Amino acid sequence: MYRRIEFSIRGGVRITALWRQGHGTPIVFLHGLCGSSVYFDGAFAHPALETKPLLALDLPGFGSSPALDDQGLDKIAATVVAVMQEISNGRSPWIVAHSMSSSIAARVLDQVGGVTLIEGNLLPEHLDFSDRILKDSRNDYCRTHRRMQEMADVIVRYQTRLRDPVLIERYAQSYMQCGAAVVWDIAAGCSQDVRTGRTVDLINAWGGPVTCLSGALSPYNETAPSIVARLPNVKLSLVAASKHFPMLDNPDETYSLLAADLG
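A. Just empty space enclosed by the protein, in detail. The full count for this structure, using the stated rule, is two cavities of 30 Å³ or more. Space inside the largest cavity adds up to approximately 80 Å³. What lines the largest cavity is Ile203, Asn204, Gly207, Gly208, Val210, Leu231, Asn233 and Val234. Looking at the lining of the largest cavity residue by residue, the class counts come to four nonpolar, four polar and no charged. Of the residues contributing to the lining of the second largest cavity, the split by class is six nonpolar, four polar and no charged.

Have a look at this one:
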């Protein structure tokens with residue numbers, strides 16, 4: 001179905017990913033804060049995507065990918081571009097970004113043919129998780145992060161509608177794989193992007209096809225009028241019976257909507 005591979009990029013950077021070869025437009029998945037490539041494992045089993053090349057990355061400092069010396073969003077985005085160039089085979093990929101990865105997706109728009117943002121962080125109202133992280137200083141957050149790691153299964157259960165303990169443990173593992181400093185730094189960078197309007201400005205300046213998917217049970221939907229006002233060309237779609245992780249709560253509908261956008 002897929003295999004785990006490692007990319008070696010100039011400068012000694014190593015990135016791990018789930019990868020499957022295919023035909024047509026490559027789809028590149030970017031996980032959210034404290035996540036990993038495994039959050040998109042359902043894409044590889046979805047019949048509507050069965051012929052597509054699929055790549056789900058462990059972003060630097062997450063999953064099995066070592067952190068960069070400089071964990072700034074620009075450096076992470078440059079790493080994503082380098083990996084996409086290795087698998088694109090002359091085609092512009094379609095990028096799928098969950099939550100905080102909207103800030104990374106916005107930085108690589110000149111390399112892609114389209115974007116799907118899943119519960120994307122676009123407005124200050126979307127920064128609840130980042131705000132909770134950033135209420136601590138970078139040093140103090142280490143203690144908070146250890147508590148999060150100890151309670152990761154509880155967090156996954158709360159943030160999703162999953163009840164299968166095996167699946168909950170599968171996705172909770174990603175919390176154990178990322179360090180406190182990496183999480184704090186990324187949260188700070190994404191928060192700055194959103195509060196200054198940079199992410200929205202980059203998307204508007206690009207002008208390509210953008211879909212925002214949100215869970216029908218997520219508070220994100222309350223901000224839909226503001227999203228449309230700030231991003232008038234965006235397409236909004238709801239995923240039924242799902243919260244902040246539609247790809248876990250309702251993978252069939254999530255990936256069917258993605259396949260429909262790809263045509």
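B. How the structure looks around the packing of aromatic side chains. In the structure shown here, the tally under the stated rule is five aromatic pairs. Seen from their ring centres, Tyr39 and Tyr171 are 5.2 Å apart, and the 50° between their planes marks the pair as tilted. Of this pair, Tyr39 sits in the loop between β3 (27–30) and β4 (54–57) while Tyr171 sits in helix α6 (residues 165–176), and the two are 132 residues apart along the sequence. Here Tyr39 matches Tyr171 in class, with each residue buried. For the ring pair Tyr39 and Phe245, a centre distance of 5.6 Å and an interplane angle of 40° mean the geometry is tilted. A residue pair is termed long-range when its members are at least 10 positions apart, and Tyr39 in the loop between β3 and β4 and Phe245 in the loop between β8 (235–239) and α10 (246–249) qualify at 206 residues. Judged on exposure class, the residue Tyr39 and its partner Phe245 are both buried. The ring of Tyr158 is capped by Lys243, whose NZ or CZ atom sits 5.3 Å from the centre of that ring.

C. Structural context of the layout of surface pockets. Taken as a whole, the largest pocket holds about 600 Å³ of empty space. Lining the largest pocket we find 25 residues, and of these Glu119, Asp128, Arg132, Pro219 and His244 sit closest to its centre. With four residues, the top contributor of residues to the lining of the largest pocket is helix α3 (residues 128–134). Partitioned by chemical class, the residues of the lining of the largest pocket number nine nonpolar, 11 polar and five charged.

D. Layout of the pattern of salt bridges. By the definition in use, this model includes 11 salt bridges. Residues Asp193 and Arg107 are paired through a salt bridge, measuring 2.4 Å at the closest nitrogen-oxygen approach. With a gap of 86 residues between them, Asp193 in helix α7 (residues 180–196) and Arg107 in the loop between α2 (102–105) and β6 (114–118) connect regions that are remote in the sequence. No difference in accessibility class separates Asp193 from Arg107, as the two residues are buried. For the salt bridge of Asp185 with Arg138, the shortest nitrogen-to-oxygen distance reads 2.8 Å. Within this pair, whereas Asp185 is found in helix α7, its partner Arg138 is found in the loop between α3 and α4 (141–150), the two being separated by 47 residues in sequence. Judged by its relative accessible area of 37%, Arg138 falls in the partly exposed class. When salt bridges that share partners are traced, they join Asp74, Arg107 and Asp193 into one network.

Cut-offs and rules
Residues numbered from 1 in each chain as written. Predicted model: local features only at pLDDT ≥ 70, side-chain atom pairs only at ≥ 80, totals over all residues. Heavy atoms only, no water. 1 Å grid on protein atoms, 1.4 Å probe; cavity = no way out; pocket = protein on both sides within 12 Å on 5 of 7 lines; lining within 4 Å. Points joined across faces, edges and corners; volume = space filled by probe spheres on them. Nonpolar A, V, L, I, M, F, W, Y, C, P; charged D, E, K, R; others polar. Phe/Tyr/Trp six-rings, centres within 6.5 Å; stacked < 30°, edge-to-face > 60°. Helix = DSSP H or I, 4+ residues; strand = E, 2+ residues; numbered from the N terminus. Buried < 20%, exposed > 50% of the residue type's maximum accessible area, 1.4 Å probe, protein only. Lys NZ or Arg CZ within 6 Å of the ring centre and 35° of its normal. Salt bridge = Lys/Arg side-chain N within 4 Å of Asp/Glu carboxyl O.

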